[in-house]
Amino acid sequence: MKIIDIIKGEKPSLSYEVFPPKTSDNFDKVLATALEIASLNPSYMSVTYGAGGGTSEYTANIGEALLKKGVTPLSHLTCISSSKERIQQELQKLRSKGIENILALRGDIPDGMNRDGLDYRYSSELIAEIVEFGGFCIGGACYPENHPESYNSKTDIENLKLKVESGCEFLTTQMFFDNNILYNFLYRLSKAGVDVPVVAGIMPITNAKQIKRICSISQTALPQRFVRIVDRYGDNPLAMKQAGIAYATEQIIDLFANGVNAVHVYSMNNPDVAAEINKNLSEIIK
């Protein structure tokens, strides 16, 4: 099934992300985790793709296993370190496994990489390549608080428009912890004429150590009420996990209530977190 048909439906869409192992000896464990989350019957599940395509085989195999369990997979595909030949091979692989949905990403730029002469410098170029290949529903990433490399909000939205014009059918946001930031972002997108569906990305913070890394990656703002939760419960792992899940649940309920009908949870390969969120929203997502 195509993701665009899922997220445009009347029923609220709640999906989860898993990431493949870096080495083959952990594959069975991660696959079991993915299938455990799949047993919650999410709207779909995304499977990430390692830098430089290092986990591409695992990404495709997990996606295929999810499909066999009746869950629609969304396979990530990055391009910054890839050749056109490699991308064609990856597309053929995904097609052969019956995967119909791709989240097209540039990917993180390796330290010291010279971007001159690369086959792909931007995700919009990858999106156009996938469109030409044909047969896939294509999503892209967006940052409600601007991409870290963007000069300003205007430039950021212009780049998103280019993705959409290249063939991107929906956008998935980076994590955020203040829903007002998303609502403002959606207003700016609408004003700029970007009218594809936007899936809200939510990350439940279940331990205080996640905060530093999250802020360095996404430069997201932390509301004071969230900071106070971390200050109060950060030294108590069980309490922090419970509070983090409750905070994420509250965000999701508010999003659904305000017309954002698709939410993607960055559950960090943790079936317990996914199960608790599903339980908290059981009547809402019926």
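One structure accompanies this document, and this report is about it. (Residues numbered from 1 in each chain as written. Predicted model: local features only at pLDDT ≥ 70, side-chain atom pairs only at ≥ 80, totals over all residues. Heavy atoms only, no water.)

## Describing unusual backbone geometry
Excluding glycine, residues mostly carry a negative phi; peptide bonds, for their part, are mostly trans. A positive phi angle, near 60°, is found at Asn 41, a position not held by glycine. Considering the arrangement of structural elements, one finds Asn 41 in the loop between helix H2 (27-38) and strand E2 (45-47). On the basis of relative accessible area, Asn 41 is assigned to the exposed category, the value being 65%. For Asn 269, which is not glycine, the phi dihedral falls at a positive 55°. Residue classification places Asn 269 among the buried residues on the basis of a relative accessible area of 15%. (Helix = DSSP H or I, 4+ residues; strand = E, 2+ residues; numbered from the N terminus. Buried < 20%, exposed > 50% of the residue type's maximum accessible area, 1.4 Å probe, protein only.)

## Section: helix H3 (residues 56-68)
Relative to the 18 Å expected for 13 residues at 1.5 Å per residue, H3 spans 19 Å between its end C-alpha atoms, a close match to the ideal helical length. Inspection of H3 places Ser 56, Tyr 58, Thr 59, Ala 60, Ile 62, Gly 63, Ala 65 and Leu 66 among the buried residues, and these make up the whole buried set. Residues of H3 that are buried in the fold lie against strand E1 (13-18), H2, E2, strand E3 (73-78) and helix H4 (84-96). Once H3 ends, the next one or two residues include Gly 70, with phi positive near 85°. (Expected span 1.5 Å × (residues − 1). Contact = heavy atoms within 4.5 Å.)

## Structural notes on the pattern of salt bridges
Under the counting rule described, the total for this entry stands at 8 salt bridges. Its salt-bridge partner being Glu 64, residue Lys 97 comes within 3.2 Å of it at the nearest N-O pair. Residue Lys 97 is located in the loop between H4 and strand E4 (101-105), and its partner Glu 64 is located in helix H3; the two are separated by 33 residues in the primary sequence. Owing to a relative accessible area of 17%, Lys 97 belongs among the buried residues under this scheme. For Glu 64, a relative accessible area of 23% puts it in the partly exposed group. Between Arg 86 and Glu 90 there is a salt bridge; the shortest N-O distance is 2.9 Å. (Salt bridge = Lys/Arg side-chain N within 4 Å of Asp/Glu carboxyl O.)

## Digging into the pairing of strand E6 (residues 170-173)
Because side chains alternate across E6, one face comprises the buried residues Phe 170 and Thr 172, and the other comprises Leu 171 and Thr 173, equally buried. Sheet analysis places E6 next to strand E7 (residues 198-202), joined by 2 bridges and oriented parallel. Among the inter-strand pairings, Thr 172 is bridged to a residue of E7, identified as Val 199. Handedness of the crossover joining E6 and E7 through helix H7 (residues 179-191) is recorded here as right-handed. (Pairing = 2+ DSSP bridges. Right-handed = clockwise from strand over helix to strand, strands pointing away.)

## What to know about the side chain of Glu 17
Mapping Glu 17 onto the fold places it in strand E1. Ignoring sequence-local partners within four residues, the contact set of Glu 17 consists of Ser 46, Thr 48, His 76, His 264, Val 265, Tyr 266, Ser 267, Met 268 and Asn 269.

## A look at the packing of aromatic side chains
On inspection of all chains with the given rule, the structure shows 4 aromatic pairs. Between Phe 27 and Tyr 58, the aromatic rings sit 5.6 Å apart at their centres with planes inclined by 40°, giving tilted as the arrangement. Of the two residues, Phe 27 sits in helix H2 while Tyr 58 sits in helix H3, which places them 31 residues apart along the sequence. The burial state of Phe 27 is the same as that of Tyr 58; both residues are buried. (Phe/Tyr/Trp six-rings, centres within 6.5 Å; stacked < 30°, edge-to-face > 60°.)

## Some details on the pairing of strand E8 (residues 262-265)
Burial along E8 is two-sided: Ala 262 and His 264 facing one way and Val 263 and Val 265 facing the other are all buried. As judged from the 4 bridges shared by E1 and E8, these two strands associate in the parallel manner. When the bridges of E8 are listed, Ser 15 appears paired with His 264. Judged from the 3 bridges that link them, E7 and E8 form a sheet pairing that is parallel. Residue pairing for E8: Ala 200 is matched across the bridge by Val 263.

## Observations regarding the side chain of Glu 90
Following the sequence through the fold, Glu 90 ends up in helix H4. Polar side-chain contacts of Glu 90 include one of 3.3 Å to the side chain of Ser 56. If we ignore the near neighbours within four places in the chain, the residues touching Glu 90 are Tyr 49, Ser 56 and Leu 77. (Polar contact = N/O pair within 3.5 Å; in protein donor to acceptor, adjacent residues only side chain to side chain.)

## Overview of H4
With 13 residues, H4 should cover 18 Å at 1.5 Å per step; its first-to-last C-alpha distance of 18 Å lies within 8% of that length. Residues Ile 87, Glu 90, Leu 91, Lys 93 and Leu 94 constitute the buried set of H4. Along the axis of H4, the buried residues cluster in a sector spanning 160°; they form a single face. Summarising the geometry of H4, the exposed residues directed more than 90 degrees from the buried face are Glu 85 and Ser 96. Of the residues one or two after H4, Gly 98 is the one with positive phi, at around 80°. (Arc of directions from axis to C-beta.)

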